[in-house]
Amino acid sequence: MTENAHRQAAVRVRGLRRVFGARAVLDGLELDIARGEFVALLGASGSGKTTLLRILGALDGADGGEVLVPEARTIVFQEPRLVPSKKVLANVTVALPRGRRDDGLRALAEVGLERHADAWPATLSGGEAQRVALARALVREPELLLLDEPFAALDALTRLKMQDLVDELCRKHRPAVLLVTHDVEEAVRLADRVAVLRDGRLVTDEKVTVARPRDPGDPAFAALRRRLLDDLGVPAASHPVKTPELDRVGVI
Ligand SMILES: Nc1ncnc2c1ncn2[C@@H]1O[C@H](COP(=O)(O)OP(=O)(O)OP(=O)(O)O)[C@@H](O)[C@H]1O
Ligand SMILES: [Mg+2]
């Protein structure tokens, strides 16, 4: 990496290794994410995506290799993980110093939930709860935002709305983003770069050059989607018809 590239990097991973029992789940993995860059990570179930995210979030350690990440980083998981005994606003500001109520309200407004500030988490829909989790992550102005299938538990329509919201908020706040997803279409819609994790390392890592706003009907979109499904080992016969649901089922 040149001196200039080094300054621009938010994430730099070299030769990362993580072993569980006899299996090296991550084995020589290399990954760079530039400041403000949005990377989507695809991979079959059990390929090590969450393991990688947990290491980048310092929730787990590595067995070898080098990992450089910014100090300011937050994770959003598949389930919102709100504290049930705290109201919505208190959940958003939970990791902030006291007296940052206004920042919390602003973050809630960004996800369209300022009117729910005084609600209990149990009264929220799944999509609303996930928006609160997103507000809680963004209020800390992370330099690195780690997203582990944050839309997977949502219905198709809510998922599309959440994708648009994340797209909008990431363009505004410009954190580096690593989004883990099973959904190839989601990856191509949102990301500056897509990567596929297989056998412990990234077998694909390429820029998405499809013009924005990205339309699945664009031949370049369809071609990249097909290539990624191939890299994921989904046989052509199982993805002749383009639907988001099929993409999801195909690689689980
Ligand atoms: N703490 C652990 N102890 C033992 N094995 C683990 C541990 N964490 C993960 N594994 C194993 O490592 C492999 C990768 O797990 P990981 O959760 O990273 O997969 P994933 O790609 O996120 O899958 P999914 O798409 O289903 O979420 C799996 O085989 C899993 O059983
Ligand atoms: Mg996972």
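It should be noted that the structure appears before, not after, this text.
Keep in mind it's a predicted model, so treat the numbers as computed, not measured. (Residues numbered from 1 in each chain as written. Chains lettered and ligands numbered in written order. Predicted model: local features only at pLDDT ≥ 70, side-chain atom pairs only at ≥ 80, totals over all residues. Heavy atoms only, no water.)

Caption draft 1: Broad picture of the site of ligand 1. In the vicinity of ligand 1, 13 residues are found, and the nearest of them are S45, G46, K49, T50 and T51. One of the side-chain nitrogen or oxygen atoms of T51 is found 2.5 Å away from an oxygen atom of ligand 1. With the chains in place, 56% of the 640 Å² that ligand 1 exposes on its own is no longer accessible. When residues of the shell around ligand 1 are assigned to their parent elements, the largest contribution, three residues, is made by helix α2 (residues 49-56). Residue classes in the shell around ligand 1 are distributed as three nonpolar, seven polar and three charged. (Near = heavy atom within 4 Å. Polar contact = N/O pair within 3.5 Å; in protein donor to acceptor, adjacent residues only side chain to side chain. Areas by Shrake-Rupley, 256 points an atom, 1.4 Å probe, with all protein chains shown as cover. Helix = DSSP H or I, 4+ residues; strand = E, 2+ residues; numbered from the N terminus. Nonpolar A, V, L, I, M, F, W, Y, C, P; charged D, E, K, R; others polar.)

Caption draft 2: Seen up close, the sheet that holds strand β1 (residues 9-20). Spatial strand order, β2-β1-β4: three strands in an open sheet with antiparallel pairing. Only two strands of the sheet have a single neighbouring strand rather than two, namely β2 (23-34) and β4 (64-68). Along the sheet, successive strands turn relative to each other by an average axial angle of 15 degrees, direction set aside. As defined by bridge partners, β1 adjoins β4 across four bridges and the pair is classed as antiparallel. Each residue of the ladder has a partner; that of R14, found in β4, is E66. Across the sheet, α2 touches β1, β2 and β4, and the angle it forms with β1 is around 125 degrees. (Pairing = 2+ DSSP bridges. Axes fitted to C-alpha atoms, helices over the stretch in contact; angles between N-to-C directions. Contact = heavy atoms within 4.5 Å.)

Caption draft 3: Summary view of the packing of aromatic side chains. Within this structure, the stated rule accounts for zero aromatic pairs. Over the aromatic face of F77 sits the side chain of R81, whose NZ or CZ is 3.7 Å from the ring centroid. (Phe/Tyr/Trp six-rings, centres within 6.5 Å; stacked < 30°, edge-to-face > 60°. Lys NZ or Arg CZ within 6 Å of the ring centre and 35° of its normal.)

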